Amino acid sequence: MIKKIVLMLIISITLNASILDFYKQTLMTLQYNKKYALNKKANKLTQSGINYSKYANFSFNADYSKTKAKRLTNTFDTTNVTFNDTLDLFGKSSYEIDALTLDLKSQKSLLNIQKEQLFISLVNMIAIYNKTLEQVFLYKTVLNEQKDIYDKMEKLQQKGAITSINLLRFKNQLTSLEMTIVNQENEILKMKKQLNLYAPNQQIPRLKNSKLLYSQEEFTNKNPQLKLNKIDAQKLLVQAKGLEHSYLPDVTVGAAYQQLGDPTSFGNNYSFTVGLHIPLNAGNFKEAQALKVNAFSLESQNIQYKIQRKNEYITRYQEYKNALEQLKVLHKNLDDYEKSEKTIKIAYLRQYVDLNTYMQVLMQTLHVKEQILQVKSKKELEATLLNNIASGIIYE
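Our subject in this report is the structure included herewith. (Residues numbered from 1 in each chain as written. Predicted model: local features only at pLDDT ≥ 70, side-chain atom pairs only at ≥ 80, totals over all residues. Heavy atoms only, no water.)

1. Looking at the nonpolar core
Okay, so step 1: Counting 52 residues, the largest nonpolar core has Phe119, Phe170 and Tyr358 as the members making the most contacts within it.
Okay, so step 2: Ranked by residue count, the leading element in this core is helix α4 (residues 94–158), at 17 residues.
Okay, so step 3: When neighbours within four sequence positions are excluded, Phe119 is seen to be in contact with Ile19, Leu20, Tyr23, Thr384, Leu385, Asn388 and Ile394.
Okay, so step 4: Judged by nonpolar contacts, the second largest core, of seven residues, contains Ala323, Leu327, Val368 and Val375. (Core = buried A, V, L, I, M, F, W, Y, C linked by side-chain atoms within 4.5 Å. Buried < 20%, exposed > 50% of the residue type's maximum accessible area, 1.4 Å probe, protein only. Helix = DSSP H or I, 4+ residues; strand = E, 2+ residues; numbered from the N terminus. Contact = heavy atoms within 4.5 Å.)

Rendered as structure tokens:
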């Protein structure tokens, strides 16, 4: 009786927990958002560095030499100092900025894919955990009822109304049910420890008996894999444009100073320089064409990802609808099975039927109740996944 009360208490506590709270705690534990935030910071710093280098790409050179001329008695020293800056006046680096911006979006889409996979895994684990909890509660209820029957059979056996063999056979059935309960209780403990690894000190939530709130279009619009594919294609096109415009010149400006110790010279030299550096690598254009082909190849997969997402919705939606219809049938027939069980229980205690007949009816009723738990769990699972994915809240 105490175990039954404790189990009911566990179920009531899980009703107050939220699947989204548990999921968000899991994200914190696995540091998904922290990792993305660090990647975002690194990306922004890289962009800042590129922007700074557009007009502040400095270089400094210095050299010293000692010269001995044939017609001079002594050697003389020469010191050269140059200071240069390479300016990106034609926007060549803008393609690098665009590529980095798209790379950050790509990382975000990849993170959303990981979040969705994590959410699906968590919901499946929690659904199995809750279903097992309810099964144990069901088995314990049946066990307690049958123990009452066993007590009555013991009194009948003492009066000689039934044989000790029949009493032993009935007890063996109870022992088998108790073993099932022990196994499932250990399974619950294992699952609870596993789930608490993801969300320590967090109550394991119960999936709510919710209805579908979103349409197929709303579900398919949330497609991080499709978005990632589009972004990757855009990145390749941006990289191709960067290579195609690699011929754009770099402007170099500089100042030079030469300290010349040659007695025959006219003293030290000062100079200012302006120049253009134009790369003429023909291979860049071939590489750009290859990147464009790869981009078009990725874009051709967009239809595939759209169809996959629609198929996912159709599968989950049909599972949900099938569970709804099955529950109607099962609940409709459950009353008849329970009436038969009550009738056969009285008949068995009066020895109108044998143990096999009684156990057959009992197991039929139990099987219907197990099916209800299985189908209800499936319905709650699919509704939870469809609603939360379509709402987009798991990607926030």
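Next comes the rest of the account.
2. Section: the pairing of strand β3 (residues 250–260)
Okay, so step 1: As paired elements, strand β2 (residues 76–87) and β3 share ten bridges and run antiparallel to each other. Residue pairing in the sheet places Val81 in a bridge with Tyr257 of β3.
Okay, so step 2: Relative to strand β4 (residues 269–277), β3 is paired through nine bridges, and the arrangement is antiparallel. Note on β4: the bridge partner recorded for Thr252 is Gly275. (Pairing = 2+ DSSP bridges.)

3. Comments concerning the environment of Leu276
Okay, so step 1: Structurally, the position occupied by Leu276 is in strand β4.
Okay, so step 2: Overall, the relative accessible area of 61% leaves Leu276 in the exposed class.
Okay, so step 3: The spacing of Leu276 and Leu87 is 189 residues in sequence and 9.7 Å in space, taken between C-alpha atoms.

4. Let's talk about the packing of α4 against helix α7 (residues 224–244)
Okay, so step 1: Interhelical geometry of α4 versus α7 gives an angle of 165 degrees and a closest axis separation of 9 Å. As far as their axial angle goes, α7 and α4 are roughly antiparallel. Relative to α7, α4 is oriented so that their crossing is left-handed. Taken together, the residues of α7 that come into contact with α4 (itself represented by Tyr95, Asp98, Ala99, Leu102, Asp103, Lys105, Ser106, Ser109, Leu110, Asn112, Ile113 and Glu116) are Pro224, Gln225, Lys227, Leu228, Ile231, Asp232, Gln234, Lys235, Val238, Lys241 and Gly242. (Axes fitted to C-alpha atoms, helices over the stretch in contact; angles between N-to-C directions. Parallel < 35°, antiparallel > 145°, perpendicular 65-115°, else oblique. Left-handed = near helix turned anticlockwise from the far one by under 90°.)

5. Remarks on the packing of aromatic side chains
Okay, so step 1: Within this structure, the stated rule accounts for nine aromatic pairs.
Okay, so step 2: Ring centres of Phe58 and Phe83 lie 5.4 Å apart, and the angle between their planes is 25 degrees; on these two criteria the pair is classed as stacked. Within this pair, whereas Phe58 is found in strand β1 (residues 57–67), its partner Phe83 is found in strand β2, the two being separated by 25 residues in sequence.
Okay, so step 3: Note on Phe83: relative accessible area 42%, which makes it partly exposed.
Okay, so step 4: Feature note: the residues Tyr150, Phe170, Tyr348 and Tyr358 constitute an aromatic cluster, connected by ring pairs.
Okay, so step 5: Taking the ring centre of Phe219 as reference, the NZ or CZ of Arg309 above it sits at 4.8 Å. (Phe/Tyr/Trp six-rings, centres within 6.5 Å; stacked < 30°, edge-to-face > 60°. Lys NZ or Arg CZ within 6 Å of the ring centre and 35° of its normal.)

6. Considerations on helix α2 (residues 19–30)
Okay, so step 1: Taking 1.5 Å of rise per residue, the twelve residues of α2 would be expected to cover 16 Å, and the 16 Å separating its terminal C-alpha atoms lies within 8% of that figure.
Okay, so step 2: Every buried residue belonging to α2 is among Ile19, Leu20, Phe22, Tyr23, Thr26 and Leu27, and all of these are buried. Viewed along the axis of α2, the buried residues span an arc of 160 degrees, placing them on a single side of the element.
Okay, so step 3: Those residues of α2 that are buried are in contact with α3 (32–53), α4, α5 (164–198) and α10 (355–391).
Okay, so step 4: For α2, the N-terminal cap is Ser18; the gap from its side-chain oxygen to the backbone nitrogen of Leu20 is 3.2 Å. (Expected span 1.5 Å × (residues − 1). Arc of directions from axis to C-beta. Polar contact = N/O pair within 3.5 Å; in protein donor to acceptor, adjacent residues only side chain to side chain.)

7. Remarks on the pairing of β2
Okay, so step 1: Here β1 runs beside β2; their pairing, made up of eleven bridges, is antiparallel. Each residue of the ladder has a partner; that of Ser65, found in β2, is Thr78.

8. Let's talk about α5
Given 3.6 residues per turn, any residue in an α-helix points the same way as the ones three and four places further on.
Okay, so step 1: Spanning 35 residues, α5 covers 52 Å between terminal C-alpha atoms, matching the ideal 51 Å at 1.5 Å per step.
Okay, so step 2: Considered for burial, the residues of α5 that qualify are Leu167, Phe170, Leu174, Leu177, Ile181, Gln184, Ile188, Met191 and Leu195.
Okay, so step 3: Of the surrounding secondary structure, the elements contacted by the buried residues of α5 are α2, α4, α9 (302–349) and α10.

9. Concerning the pattern of salt bridges
Side-chain pairing between opposite charges can occur once the charged atoms of the two side chains come close.
Okay, so step 1: In this structure the tally under the stated criterion is 16 salt bridges.
Okay, so step 2: Of the charged contacts in the structure, one is a salt bridge between Arg316 and Glu312, with a shortest N-O distance of 3.6 Å. On the criterion of helical spacing, the pair formed by Arg316 and Glu312 is a turn pair, its members being four residues apart in helix α9.
Okay, so step 3: One connected set of salt bridges, linked through shared partners, spans Glu116, Arg309, Glu312, Arg316, Lys378 and Glu382. (Salt bridge = Lys/Arg side-chain N within 4 Å of Asp/Glu carboxyl O.)

10. Quick word on a negative patch on the surface
Okay, so step 1: Taken together, the side chains of Glu145, Asp148, Asp151 and Glu154 present a region of like negative charge at the surface.
Okay, so step 2: Assignment of secondary structure puts Glu145 in helix α4.
Okay, so step 3: Glu145 sits in the partly exposed class, given a relative accessible area of 32%. (Patch = residues over 30% accessible without salt bridge, like charges linked within 9 Å, V, L, I, M, F, W, Y side chains within 5 Å. Areas by Shrake-Rupley, 256 points an atom, 1.4 Å probe, with all protein chains shown as cover. Lys, Arg positive; Asp, Glu negative; His and termini not counted. Charge placed at Lys NZ, Arg CZ, Asp CG, Glu CD.)

11. Considerations on the sheet that holds β4
Okay, so step 1: One open sheet holds the four strands; their spatial order is β1-β2-β3-β4, and the pairing between them is antiparallel. Edge positions in the sheet fall to β1 and β4, since each has one partner strand and no second. On average, each strand axis in the sheet is tilted by 15 degrees relative to the strand beside it, whichever way the strands run.

12. What about unusual backbone geometry?
Among all residues save glycine, negative phi is the norm, and among peptide bonds the norm is trans.
Okay, so step 1: Even without glycine at this site, Gln31 takes up a positive phi of about 60 degrees.
Okay, so step 2: Residue position: Gln31 is located in the loop between α2 and α3.
Okay, so step 3: In this structure, Asn201 takes a positive phi of about 65 degrees despite not being glycine.
Okay, so step 4: Topologically, Asn201 is positioned in the loop between α5 and α6 (216–221).
Okay, so step 5: We classify Asn201 as exposed; its relative accessible area is 82%.

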